[in-house]
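Structure assessment
What follows is each chain in one-letter form.
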Amino acid sequence: MSDASGRRTFSFIVASVSVVSVSFGSGAPVPFFPLYEQAYGIPPAGLTGGYALYILSAAAVLLFAGRLSDSLGRKSVTMFGLLFSIAGCACFAVVDGLASLLLARVLTGCAVGLSMSGIASYVIDLHRPGRLTLAATIAGAGTPFGTALGAITAGLLIEWGAAPQVPFIGIATVNALALIGLIFAVETRPPGSRAALRLEFALAVPTRIRFAFITACAGFVATWILGGMYQSLGPTITATSFYDDDRILAASVLASVVGTSVFGGPLTARFRARTATIIGLAMFVVGVGSIALAAHVHSLALFFGANFLSGLGFGATFAAGLRALLERISADERAGVISAVYLVSYVGTAIPTFFAGVLVPQLGLTAVLDLTCALIILLAVLCLVGTIWPRRERPAPNHDAN
């Protein structure tokens, strides 16, 4: 391996770790919210307001600064994302009331927004020839995987009696090491002129791929809704449908989906993006339908089996869908399209997840689970129909995806 190739591989590893570590930092606070509520008297409205600020911060960065890496360079934006994440971790480590909690949520939201745009684009830029699927898997599944891993790890630390500061010190340390690694990493997008440095509306989806984009986003939102539902209702599902309120079991629910999702992309990598998407959606639809069935028959074995299948479908659908878009665009269009993908996925997931939590007291958990699974399956079927539907497309300029 030449020095240039070795440095590029090192850069790919650092960028991949950055995607997961920033997302880990956004998920780690979730299990601590009930503790903050009890210890500091933070009202429920403060917790939901913090979540809203987190979503708005991430969305604002994606919407207006998603293409900032085209001007500042991918490496520079990755550094900013890590710095925002470290600052957010520092705030969470010293939370003593509502103001510090809200500040921590805003900083973390900004970090995630930069991660889902600039850092994800950096990972894609660094992929080796023939390894686009791996890069798309990391860029696509890295954020939900890191978020879930953060929540699960923090939940286990609470169960084991660790101090609240432990996960935040740990992830800040990982982010600091990634920052040091970036000093030696390559820059794939040299900074432009000062005139090019501006915040601009980042939903830059080329007209020629609009249909493919809408189709893929239906699948992306479907997969993310499942993860969002488990993040918010996972413990309730295990306690209500399977009569077990063990925290480790509740954490395992999310892990069984998000953990297996990282294998979905590589499992279907040898297929064309269109074929891999169809395979992923088929696994995902069967898995989600089985989740609803398992809740009705109270079968924990069927439930976890369905989660594993859904996770594989999740990963395959997101990786293949993102790969299909990347194969149709040029490097100049990459940051804008990836920002748009994540913005739609994030907002499209937050809305039904929020309403699912609101409706549980009125309709009951089983009914809400059925409705959520039906919505997920509907979106997945729409994505499947759009993927199969024959259409003619113009090739991307300066095509370099592979």
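Residues numbered from 1 in each chain as written. Predicted model: local features only at pLDDT ≥ 70, side-chain atom pairs only at ≥ 80, totals over all residues. Heavy atoms only, no water.

Things to note about the side chain of serine 310
- Here serine 310 is to be found in helix H12 (residues 300-326).
- Judged by its relative accessible area of 0%, serine 310 falls in the buried class.
- In contact with serine 310, other than residues within four places in its own chain, are Leu226, Phe284, Gly287, Val288 and Ile291. (Helix = DSSP H or I, 4+ residues; strand = E, 2+ residues; numbered from the N terminus. Buried < 20%, exposed > 50% of the residue type's maximum accessible area, 1.4 Å probe, protein only. Contact = heavy atoms within 4.5 Å.)

Focus: the confidence of the model for the chain
- Here the chain averages 84 in pLDDT, and 89% of its residues register 70 or above.
- Least confident of the elements in the chain is helix H4 (residues 68-72), whose mean pLDDT is 75; most confident is helix H11 (residues 273-297), at 95.
- The low-confidence segment residues 193-197, where pLDDT is below 50, has four contacts with residues more than four positions distant or belonging to other chains. (pLDDT = per-residue confidence, 0-100.)

Considering the environment of methionine 229
- On the secondary structure map, methionine 229 appears in helix H9 (residues 210-241).
- The exposure class of methionine 229 is buried, given its relative accessible area of 2%.
- Between the C-alpha atoms of methionine 229 and proline 352, which are 123 residues apart in sequence, the distance is 8.6 Å.
- Each residue touching methionine 229, except ones within four places of it in the same chain, is listed here: Gly234, Thr353, Leu369 and Thr372.

Observations concerning the packing of H12 against helix H13 (residues 334-363)
- Contact geometry of H12 with H13 gives a least axis separation of 11 Å together with a crossing angle of 145 degrees. Between H12 and H13 lies a crossing whose hand is right-handed. On H13, the residues that touch Phe318, Leu325 and Leu326 of H12 are Arg334, Ile338, Val341, Tyr342 and Ser345.
- Per-class residue counts for the contact of H12 with H13 are six nonpolar, one polar and one charged. (Axes fitted to C-alpha atoms, helices over the stretch in contact; angles between N-to-C directions. Left-handed = near helix turned anticlockwise from the far one by under 90°. Nonpolar A, V, L, I, M, F, W, Y, C, P; charged D, E, K, R; others polar.)

Focus on the nonpolar core
- Of all hydrophobic cores here, the largest spans 89 residues; its most connected members are Leu226, Tyr230, Phe303 and Tyr342.
- Of the residues forming this core, the biggest block, 15 residues, is contributed by H9.
- Once residues lying within four places of it in the same chain are set aside, the contact partners of leucine 226 are Val257, Phe284, Val288, Ile291, Ser310 and Ile376.
- Among the nonpolar cores identified, the runner-up in size contains 20 residues, and Phe24, Ala28, Ile158 and Ala172 belong to it. (Core = buried A, V, L, I, M, F, W, Y, C linked by side-chain atoms within 4.5 Å.)

Concerning helix H5 (residues 74-93)
- For H5, which comprises 20 residues, the first-to-last C-alpha distance of 29 Å matches the rise-based estimate of 28 Å (1.5 Å per residue) to within 8%.
- Among the residues of H5, those classed as buried are Arg74, Lys75, Val77, Thr78, Gly81, Leu82, Ser85, Gly88, Cys89, Cys91, Phe92 and Ala93. (Expected span 1.5 Å × (residues − 1).)

Details of the pattern of salt bridges
- Under the defined criterion, the tally for this structure stands at three salt bridges.
- The residue arginine 74 makes a salt bridge to aspartate 125 at a minimum N-O spacing of 2.6 Å. Taken together, the positions of arginine 74 in helix H5 and aspartate 125 in helix H6 (residues 98-125) put the pair 51 residues apart, joining distant regions of the chain. In terms of burial, arginine 74 and aspartate 125 fall into one category: buried.
- Residues glutamate 333 and arginine 208 are paired through a salt bridge, measuring 2.7 Å at the closest nitrogen-oxygen approach. Pair noted here: glutamate 333 is in the loop between H12 and H13 and arginine 208 is in the loop between helix H8 (166-183) and H9, with a separation of 125 residues, a long-range link.
- Looking at arginine 208, the relative accessible area reads 18%, which means it is buried. (Salt bridge = Lys/Arg side-chain N within 4 Å of Asp/Glu carboxyl O.)

Things to note about the environment of glycine 46
- Structurally, the position occupied by glycine 46 is in helix H3 (residues 44-65).
- Accessibility expressed as a relative area gives 8% for glycine 46, which makes it buried.
- The spatial distance from the C-alpha of glycine 46 to the C-alpha of glycine 97 is 9.8 Å, given a sequence separation of 51 residues.
- Ignoring anything within four residues of it in the chain, the contact list for glycine 46 reads Leu98 and Leu102.

Digging into the packing of aromatic side chains
- Taken as a whole and assessed by the stated rule, the structure comprises ten aromatic pairs.
- Here the aromatic rings of phenylalanine 220 and phenylalanine 318 are separated by 4.3 Å at their centres, their planes lie at 25 degrees, and the arrangement is stacked. Of this pair, phenylalanine 220 sits in helix H9 while phenylalanine 318 sits in helix H12; the two residues are 98 residues apart in sequence, bridging distant segments of the chain.
- An aromatic cluster of at least three residues, connected via ring pairs, comprises Phe32, Tyr36, Tyr40, Phe92 and Phe168. (Phe/Tyr/Trp six-rings, centres within 6.5 Å; stacked < 30°, edge-to-face > 60°.)

A few points about a nonpolar patch on the surface
- Residues Val347, Ile351, Phe354, Phe355, Val358, Leu359, Leu363 and Leu371 make up a contiguous nonpolar surface patch of about 700 Å² in total accessible area.
- Top element by residues in the nonpolar patch is H13. It accounts for seven residues.
- According to the relative accessible area criterion, isoleucine 351 is partly exposed, its value standing at 47%. (Patch = residues over 30% accessible without salt bridge, like charges linked within 9 Å, V, L, I, M, F, W, Y side chains within 5 Å. Areas by Shrake-Rupley, 256 points an atom, 1.4 Å probe, with all protein chains shown as cover.)

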